[in-house]
2 protein chains.
Amino acid sequence: MNEGMNHCLTGLRVLDFTRALAGPTCSRMLAEMGADVIKVESAPNGDLSRGASVFRNRRSVFFVQHNRGKKSFCVNLRDPRGMALIAELVQQVDVVVENFKPGVMAEMGLDYERLKALKPDIILCSISALGQTGPLAHKPGYDYIAQAYAGVTSMIGEKDEAPYIPLVGLGDVSTGVHGALAVLAALRHRDRTGRGQHLDVALLDVYYNFHEVNVHQIKASGGKIKPTRVGRHMTYLSPGGVFRATGGHVVIMSFFHHWPDLCRAMERPDLIDDPRYKNDLVRLERRDEVVKIIEDWLHTFPDVPSAVAHMERFNVPVAPVLSVEDTLSYPHLRERGTVRTISDATHDGEFDVPGFPLKFSEFPEELPLTAPTLGQHNEEVLTQYLGRTAADVQKLREAGVLKEERR
Amino acid sequence: MNEGMNHCLTGLRVLDFTRALAGPTCSRMLAEMGADVIKVESAPNGDLSRGASVFRNRRSVFFVQHNRGKKSFCVNLRDPRGMALIAELVQQVDVVVENFKPGVMAEMGLDYERLKALKPDIILCSISALGQTGPLAHKPGYDYIAQAYAGVTSMIGEKDEAPYIPLVGLGDVSTGVHGALAVLAALRHRDRTGRGQHLDVALLDVYYNFHEVNVHQIKASGGKIKPTRVGRHMTYLSPGGVFRATGGHVVIMSFFHHWPDLCRAMERPDLIDDPRYKNDLVRLERRDEVVKIIEDWLHTFPDVPSAVAHMERFNVPVAPVLSVEDTLSYPHLRERGTVRTISDATHDGEFDVPGFPLKFSEFPEELPLTAPTLGQHNEEVLTQYLGRTAADVQKLREAGVLKEERR
């Protein structure tokens, strides 16, 4: 049982109704910090994501990445005997997490009031695209839907062209992390006061909170600033953005006191105090010129690594735009554990996944977690949490209340 | 004193050395949940961000947005008397947060070992761009530098063109949230075991963890998949992405069982079972065709809202790509508190900021927090935490150890 794994959240018990990505990220963050997570999977098929990124032996590596360290309890949620087991389990846990469309938990008879009746200090964390309240709460929601409503999509691309979406699950993943934060805050409150609560964490709110300047600028500037996408460069500092180089691209952030560093790297000390370029304000006015000077110079190098290495010698804040494939073998990312290689018994082969993004000095090694097969922990959960015997479990199995994948 | 404010983290004390964005987001998340945060600002000028987004009365609304609910303690950190006060304060708090370049805390004599000597169970949260360890740790780092190293930038834009960066501080903000999560997990461990620790939270690791599929696909597919940017549409489901419409753009996520919904909305029931379009796999093969069918149809509407309203009637997952200005008055965002209007005494006027992204049923109202002027809480901090008298404080002020902005 994970309950024995020593980490920050050892002893914390979570009943996890999540599927896909945002919800599972929340419970995965908790599991990677030692919490005991029971993933409830609806019989017969369980989490839909078991069908995503399947490359070998019908094993989804997507499922593995996002469900390591969880126990799978696969039960028929349309069978009253299954729901009775769920009600018993609620009484044994600290936290319930779910990311159904708002209203579905209530339809299942598992809304917050009902959970609270089962366990008075329960913490329910509800994760959704657009939130549990408000006129759009009922809408079917996905990451990019929330991103578009949050005004984030409008900030990516060229001004007069259609915007881009990053092909990265950042809204879902980040919202899962926000959910985990809300859960730990609520636990602190519960531990002090004995009171549980219902947490409402939405991709929309998370995306919106990413606007570090765009939201406040509009009214505070008297309407003069209307933030929108304007290409590959920052709007309030310069130079800062993506630059074309030989055979690839680099990010250079050489504003403020970094401008002289870049000028020296370019062997153009004359530009440091040139009135046309001497500070961010004038450089912003001549941004296209500044970009051209830098890109022309970058093309005097044979490739990106040599250009980056040269700039690093002058302390210029710079990075190569790495492809995902590049990152897998990049020394810094390997050494730090930003990328890690894991194996999975069913997939039968190694593959890479992102390392756990929080590093703890008390727990320098990541926990040796594995992802469950469907219903793998049915017996363990029922015997250890609910005091059932192996024979009881067998009966439930035969009655079709429980489901287990043949291995 | 905030210490009296009732929320999840009431009573938690944080000494905050952060500046700019990622670090201040961490301590702001804690402050918005009731923690008592003392922001240490280096005399004479304090947080550099006091110079960002200044529109009226020399007051930075950037500073206000990211520092609400914190106390400003402005002290000369190059004066041994100032550092002695810091050492005393460390002994009075639970958590220290910093986002200096790695190594700077040690230069200031405030590395983890020294903090631990002052307070054995202290939790130090260090936030940085590329981490405290690894060959690149020493590099000057900014949000987009970490984004480029994480392979995220490479996933935004057209395949054969330079990539884009989102003009949104998502890496910094999200990393601050990750830091707050690490802090609360470490506090739980401390409360159980009496042990503090050092937390290392980096934008690079946070960005990398956003790759929900890109990292695992490469090796698991035997090298067949090499994720890269491919425009405005998803690579493993279709249709899903940004579509051009009359006068604007929409996001449509009509894969899986949503395809028939969209076909009905388009009055094209013939496409539902058409072998060229009937499932995600074949639609992906004909993605350009699918996009053209949808965009041509979208242009039969006079504008984006009418197209969105029509699709909503058919339960199609859809969103208008809102500009940031649009979001300020969008009913759902206002009603939910995704956007909130605040005022600041010094700025003397209202402006909008993102609402707190976590919603707690126990605390339905956000705390009435204000942002401090420079050194506003010098006397409060020294009298209430360190037992100094007002006369003691006046002497430190006159000696130039403390700095206070005239109001």
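Note that the coordinates shown come from a computational prediction; the quantities given were computed from them, not determined experimentally.

Asker: Please clarify how the sheet that holds strand β14 (residues 358–360) of chain A should be interpreted in this entry.
Answerer: Sheet strands line up and pair through hydrogen bonds in the backbone, either parallel or antiparallel. Ordered in space as β14(A)-β8(B)-β7(B)-β6(B)-β1(B)-β2(B)-β5(B), the 7 strands form an open sheet in which the pairing is mixed. The open sheet has two edge strands, β14 of chain A together with β5 (70–75) of chain B, and neither has a second partner. Averaged over neighbouring strand pairs, the angle between their axes works out to 20° when direction is ignored. Relative to strand β8 (residues 197–202) of chain B, β14 of chain A is paired through 3 bridges, and the arrangement is antiparallel. When the sheet's bridge partners are listed, Phe 360 of chain A is paired in β8 of chain B with Leu 199 of chain B.

Asker: Hey, could you run me through the interface of chain A and chain B in this one?
Answerer: Where interface size is given, it is often the accessible area lost as the parts come together that is meant. With 119 residues of chain A at the interface, the matching set in chain B holds 119 residues. Considering every element that reaches the side of chain A that touches chain B, the biggest residue donor is helix α7 (residues 170–193) of chain A, with 14 residues.

Asker: Would you mind showing me how to read the nonpolar core here?
Answerer: Within soluble globular proteins, side chains that are nonpolar tend to cluster in buried spots. Among the nonpolar cores identified, the biggest contains 265 residues, and Leu 30, Leu 181 and Val 250 of chain A together with Leu 30, Leu 181 and Val 250 of chain B are the most heavily contacted of them. Beyond its immediate stretch of four places on either side in the chain, Leu 181 of chain A contacts Met 29, Val 177, Ala 180, Leu 181, Leu 184 and Leu 358 of chain B.

Asker: Could you clarify how one ought to interpret the sheet that holds strand β1 (residues 13–16) of chain A in this entry?
Answerer: Reading across the sheet, the 7 strands line up as β5(A)-β2(A)-β1(A)-β6(A)-β7(A)-β8(A)-β14(B) and stay open at both edges, with mixed pairing between neighbours. A single partner strand is all that each edge strand has here, and the edge strands are β5 (70–75) of chain A together with β14 (358–360) of chain B. Recorded for the sheet is a direction-independent mean angle of 20° between the axes of neighbouring strands. Relative to strand β2 (residues 36–42) of chain A, β1 of chain A runs parallel, the two sharing 4 bridges. When the sheet's bridge partners are listed, Leu 15 of chain A is paired in β2 of chain A with Ile 38 of chain A. α7 of chain A rests against β6 (95–98), β7 (123–128) and β8 (197–202) of chain A together with β14 of chain B of the sheet, and its axis sits at about 160° to β7 of chain A.

Asker: Looking at this structure, I do not really get the environment of Val 213 of chain B. What am I missing?
Answerer: Structurally, the position occupied by Val 213 of chain B is in the loop between α8 (203–209) and α9 (214–220). On the basis of neighbour count, Val 213 of chain B is assigned to the buried category, with 22 C-beta atoms found within 10 Å. The contacts of Val 213 of chain B, once residues within four sequence positions are left out, are Ser 53 and Phe 62 of chain A.

Asker: Sorry, what's going on with the relation of the copies chain A and chain B here?
Answerer: Each copy of the chain is related to the other by a rotation around an axis and a translation along that axis. Superposing chain A onto chain B takes a rotation of 180° plus a shift of 0.0 Å along the axis, which leaves an RMSD of 0.0 Å. Expressed as a symmetry operation, the mapping of one chain copy onto the other fits a two-fold axis. By C-alpha distance to the rotation axis, the residue of chain A lying nearest is Leu 181 of chain A, at 2.4 Å. Here 100% of the interface residues in chain A have copies in chain B that are interface residues too; the copies meet face to matching face.

Asker: What exactly am I supposed to notice about the domain arrangement of chain A here?
Answerer: Annotation of chain A at the domain level lists domain 1 (2–209 + 335–398) and domain 2 (240–323). Once you take the C-alpha centre of each, domain 1 of chain A and domain 2 of chain A turn out to be 43 Å apart.

Asker: Would you mind going over the pairing of β6 of chain A with me for this structure?
Answerer: Regular strands place their side chains on alternate faces of the sheet. All names here are of chain A. Taking every second residue as pointing to the same face, both faces of β6 are buried, with Val 95 and Val 97 on one and Val 96 and Glu 98 on the other. For β1 and β6, the ladder comprises 3 bridges, and the chain directions are parallel. From the neighbouring strand, Val 14 faces β6, where its bridge partner is Val 95.

Cut-off values and rules
Residues numbered from 1 in each chain as written. Chains lettered and ligands numbered in written order. Predicted model: local features only at pLDDT ≥ 70, side-chain atom pairs only at ≥ 80, totals over all residues. Pairing = 2+ DSSP bridges. Helix = DSSP H or I, 4+ residues; strand = E, 2+ residues; numbered from the N terminus. Axes fitted to C-alpha atoms, helices over the stretch in contact; angles between N-to-C directions. Contact = placed C-beta atoms within 7 Å. Core = buried A, V, L, I, M, F, W, Y, C linked by C-beta atoms within 7 Å. Buried ≥ 20, exposed ≤ 12 C-beta atoms within 10 Å, placed from the backbone. Least-squares fit on C-alpha atoms with pLDDT ≥ 70 in both. Domains from an automatic or database assignment.

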